[in-house]
Amino acid sequence: MLPPETGLDGWLRYAALPDECAGLRTRYSTIISHMDSQSSPIFTAARELQFGLSKILSQNVSLETKLLGTAASSSIVVGTIKTFSSTGRDIHETLSLKEDGYCLVCKDGKATEIIGQNERGALYGAFELLRLLSQNHPLPEMRISNPSAPIRWVNQWDNLDGSIERGYAGPSIFFADGYVLDDLTRVQQYARLLASVGLNGLIVNNVNSNYNLLKPINMQGLARIADIMRPWGVRIGISLNFDTPKGLGGLQTSDPLDPDVISWWEDITSELYRHVSDMLGYLIKANSEGQPGPLTYGRTLADGANMFARALQPHGDGVVVYRAFVYNHHLDESDWKNDRANAAVEYFDGLDTQFEDNVIIQIKYGPIDFQIREPPSPLLAHLRKTPIILELQVTQEYLGQQDHVVYLPPLWKTIFDFDLHIDGQQSLVRDVVSGQRFNWSKSGYAAVVNVGNDLTWLGSHLAMANLYAYGLCTWDPQQSEVDIIQGWAQLTFGLYKTIANTITNIFMTSWPTYEDYSGNLGIQTLCDIVTHCHYGPCPAAQDGNGWGQWTRADAHSIGMDRTVATGTGNAGQYPQVVAERFECIDTTPDELLLWFHHVPYTHRLKSGKTVIQHFYDAHYSGACVAQTFPQQWEALRGLIDDDRFDHVAFRLRYQAGHALVWRDSINNFYYAKCGIKDEHHRVGNHAWRIEAEDMTLEGYEVVPVTPFEAASGGKAIATMPGADIGTAQCTVAFPSGIYDIAINYYDHLGGRSQYQIFLNDILIGAWKGDLEDKLSHDFSDRMDGHSATRVTFNKVDVKKGDSLTIVGRPDGSELAPIDYISLLPQGIVD
Ligand code: GCU
């Protein structure tokens, strides 16, 4: 049996190569580091190589630090262009290296050389060599590799109290109780993971920032974080609260043009640089979702950004990253011209030339908020002089919160590869972001990652693929997402072909699958946004509030009219070629139809289906594909350690069940709204279901569920107040046969109910409502689309006339709630 693994090393496990492969590999005897300082990424590279080789090839290799140009063929020499040149070596092969790039030379009979453009580059080259060795890939005679963009950062939304906004893997590895943690071991391990995929910066705290971060004791803590990450080439920056001068400094105002405010920020910035001499700069969320900002004081966004920019200028290359996520979340839905998607372009209109040179605008990939499908933000086409950072999410806020597998690169690629046609010229988003299109020297990528102190980092082993892929995509956005996932699977789980093939199959279908059951045709992820949970289905939550994530669904039609002719004018914010395409229904791709157009449910798509039939079909096919994931995963049993196998298997089974909750909720909701029947008679017809409310109840009562669509038939059962046990019994009316027995119930906060199911008097299964201990997502405290879930007991021999009884024992406020039982003949999913 394989030894258990926790996931802590992620893809850096350096599993030993099988003997037959290891024997064929070059023998290394010495690693020569051109630097001896512990804080130098070159030295880190050398030590990582020493560690990696001892594990992958079981070779004990010595480490020497000296400036040597030419070494024995069994050596690996690590340095930079500068250090190699200083030994007198002519290294013309490095001429084309860009910042952070590297040249890896593995010529037969010669020393292996890793030549970084800078020290970080040397470290990235070392990780590349280790990746190749771990996967038993051939080594290149010479590989020159350059990143696509200089900025490749991650954002953490960690709060000082140790919680993480939109984090699904336990508390912060940086903060607790208002301070930076004493033990930063996990921070060092995180820096190693980031560096291994070429990521070079980290914003440590939440964009909804707390000004106590700038207290002296926390500045010392930031210095400790920076010191720990520096050897890995990861620099840190911080998010600021715009009102810190008032809140912490005791000033009367935080007006960015007020001289006292300006000098307050200058002083605090100098103080920060005394602690963190290479700080990246500041990330600013202002005038957004209730946060203060320059508009609060009657100033422009540029006034606000420039105040920070000027405070940073005396301190090296620090930048202000100003978020474009500025919008009014009290929009009036009754005005059909209102549109949150217009906000970024409107707020930044006319400011392109107004920013100081060290201001960068950070723009979320879509105009709304990390939805399952969005067009690129139109603001990406509006800035020529001011560089940008494209903001992605690795944390799966709207995409299943790490409890549904969703491999993100295919989604990201719809943005990277989109041609904005700026000024009539080809303008792929990835070329704008890299800085190539407008000759920016500093631009790139940021992703909200939100690792926590769970040993898996993101709460799920599979979710780590997205962090790995994020690093590789920012290095080269044209890299094949299939190659990325295969590499990750091998490094994370081992070299058996079945592992890479199975994971690739699941992953490459995962995003379209999630889209199929969570929000089609550009309608957005139809999750509950009103309780801020952003997890389970609740389509009604999109409308009827000021957040502006509207679907405008009524009894006849659905979608946002964003055309110039009759709608909000959002299509017109894109350059002409793109604007014309989105303005017209015929040329808008089906997958974005409802993003740009308000149409009847009976509107025919290019596929020939009506909108409503597409909804029904997509939800059935998406949920159906999700059922195959646990079966596919079975192929890995015995090929990987049981701990990680079981952890993933449990989540895939959970996902399969929750996909059905999604399917039924969305389909029930729209069927109730428009009354148009499913051509295939599935919606509302569940031949193999027994509703809990139709069973004979004792100690249980029938209760309504809100939203209604989160319960089969709109109702469920819960134990009566004061009861400590409830039973629900029925007599099986289906033909005798072998059935999978599925029970849909609700598992919410407030208690851990216990359940048993009996066939006649024989116990056939038992379970506990304890998903809050087992899963990562934000739970709700009631019966709804977040807490609805399913447990299945396979292959039960059932006879017509048998008695089926569920016994529920409530706990706390969780009243052992049950929605329905399905008896599924083999091969039927319902
Ligand atoms: C989303 C998210 C918030 C976050 C905000 C932001 O709305 O739900 O938690 O603060 O984005 O990006 O600022």
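Residue positions within a chain follow its written sequence, with the count starting from 1. Local features in this predicted model are restricted to residues of pLDDT 70 or higher, and side-chain atom pairs are both shown and tallied only at a pLDDT of 80 or more, whereas totals for entire chains, interfaces and linings draw on every residue. The basis for the side-chain values is all heavy atoms of the structure; hydrogens and waters are excluded.

### Some words on the UniProt feature "active site" (unreviewed entry) in the protein
Per the UniProt record, the feature "active site" (unreviewed entry) sits at Glu289, Asp369 and Glu397. Along the chain, the position of glutamate 289 falls in the loop between β12 (281–284) and α9 (301–312). In this view, glutamate 289 contacts Phe325, Tyr327, His329 and Trp547; residues no more than four positions away in its chain are not counted. Numbered from the N terminus, helices here are DSSP runs of H or I no shorter than four residues, and strands are runs of E no shorter than two. Of note, aspartate 369 is situated in the loop between β14 (359–364) and β15 (388–393). Not counting residues within four places of it along the chain, the set of residues in contact with aspartate 369 comprises Phe325, Arg340, Lys364, Glu374, Tyr398 and Gln549. Side-chain polar atoms of aspartate 369 contact the side chain of lysine 364, separated by 2.7 Å. UniProt positions are given in the numbering used here, feature names are shortened, and annotations may be inferred rather than shown by experiment. In this analysis, two residues are considered to be in contact whenever any of their non-hydrogen atoms come within 4.5 Å of each other. Within 3.5 Å is the distance limit for a polar contact, defined as a pair of N or O atoms, with the added protein rule that one can donate a hydrogen and the other accept it, and that residues adjacent in sequence qualify only through two side-chain atoms.

### A closer look at the pattern of salt bridges
When a carboxyl oxygen of Asp or Glu is within 4 Å of a side-chain nitrogen of Lys or Arg, the pair counts as a salt bridge. Counting across every chain of the model gives 44 salt bridges. One salt bridge in this structure joins aspartate 664 and arginine 663, with 2.8 Å as the shortest N-O distance. This pair shows no difference in class: aspartate 664 is buried, exactly as arginine 663 is. A salt bridge links arginine 689 to aspartate 830, with the nearest nitrogen and oxygen atoms 3.6 Å apart. A 1.4 Å probe rolled over the protein chains alone gives each residue an accessible area, and that area as a share of the maximum for its type sets the label: buried under 20%, exposed over 50%, partly exposed in between.

### Concerning the domain arrangement of the protein
All domain edges in this entry derive from an automatic or database-based domain assignment. Splitting the protein by domain gives domain 1 (19–145), domain 2 (151–479), domain 3 (494–541 + 602–679) and domain 4 (689–825). For domain 1 and domain 3, the distance between their C-alpha centres works out to 44 Å.

### Brief notes about the site of the ligand
Definition of nearness: a residue and a molecule or strand are near each other if at least one heavy atom of the residue lies within 4 Å of the molecule or strand. Lining the immediate environment of the ligand, one finds 13 residues, of which Glu165, Lys285, Arg323, Lys364 and Glu397 sit closest. At 2.9 Å, a side-chain N or O of arginine 166 approaches an oxygen atom of the ligand. Here lysine 364 contributes a side-chain N or O atom positioned 2.6 Å from an oxygen atom of the ligand. Bound to the protein, the ligand loses 97% of the 320 Å² it would expose on its own. Each residue gets one label: Ala, Val, Leu, Ile, Met, Phe, Trp, Tyr, Cys and Pro are nonpolar, Asp, Glu, Lys and Arg are charged, and the others, such as Gly, are polar. Within the shell around the ligand, the residues separate by chemical class into three nonpolar, two polar and eight charged. Here the accessible surface of atoms and residues is derived via Shrake-Rupley with a 1.4 Å probe, and residues count as covered only by protein chains that are part of the display.

### Considerations on the packing of helix α18 (residues 611–633) against helix α19 (residues 642–674)
Helix axes are fitted to C-alpha atoms over the stretch in contact, other axes to C-alpha atoms as well, and angles between N-to-C directions run from 0 to 180 degrees. The geometry of α18 relative to α19 is characterised by a closest axis approach of 9 Å and an angle of 165° between their N-to-C directions. In terms of orientation, α18 lies roughly antiparallel with respect to α19. Crossing angle aside, the handedness with which α18 passes α19 is left-handed. Within the contact of α18 with α19, the residues separate by chemical class into 21 nonpolar, four polar and four charged. Convention used here: angles under 35 degrees read as roughly parallel, angles over 145 as roughly antiparallel, angles from 65 to 115 as roughly perpendicular, and any remaining angle as oblique. In this scheme the crossing of two helices becomes right-handed for a clockwise turn of the near helix relative to the far one and left-handed for an anticlockwise turn of less than a right angle.

### A short note on the packing of aromatic side chains
Pairs were defined over the aromatic rings of Phe, Tyr and Trp, the Trp ring being its six-membered one, requiring ring centres within 6.5 Å. Orientation was assigned from the angle between planes: stacked under 30 degrees, edge-to-face over 60, tilted for the rest. Taken as a whole and judged by the stated rule, the model has 42 aromatic pairs. Ring centres of phenylalanine 242 and phenylalanine 308 lie 5.7 Å apart, and the angle between their planes is 85°; on these two criteria the pair is classed as edge-to-face. Of this pair, phenylalanine 242 sits in the loop between β11 (235–240) and α7 (244–247) while phenylalanine 308 sits in helix α9; the two residues are 66 residues apart in sequence, bridging distant segments of the chain. For the pair formed by phenylalanine 242 and phenylalanine 308, the shared burial category is buried.

### A look at helix α13 (residues 464–475)
Taking 1.5 Å per residue as the helical rise, α13 with its twelve residues ought to reach 16 Å, and the 17 Å between its terminal C-alpha atoms agrees with that figure. In terms of burial, α13 is a largely internal element, twelve of the twelve residues being buried. Of all the residues in α13, the buried ones are Met464, Ala465, Asn466, Leu467, Tyr468, Ala469, Tyr470, Gly471, Leu472, Cys473, Thr474 and Trp475. Each helix should span, by expectation, one fewer than its residue count multiplied by 1.5 Å.

### Here we look at empty space enclosed by the protein
Note on definitions: the grid is 1 Å and covers protein atoms alone; a cavity is a set of points where a 1.4 Å probe fits but cannot get out; a pocket is an open set with protein on both sides within 12 Å along at least five of seven lines; lining residues have an atom within 4 Å of a point. Grid points are joined across faces, edges and corners, and a volume is the space filled by probe spheres set on the points. A full pass over the atoms with the stated rule returns six cavities of 30 Å³ or more. Approximately 140 Å³ is the volume attributed to the largest cavity. Along its surface, the largest cavity is lined by 14 residues, and Ala324, Phe325, Ala344, Gly366 and Pro367 are the ones closest to its centre. Those elements giving two or more residues to the lining of the largest cavity turn out to be α10 (343–348) and β14.

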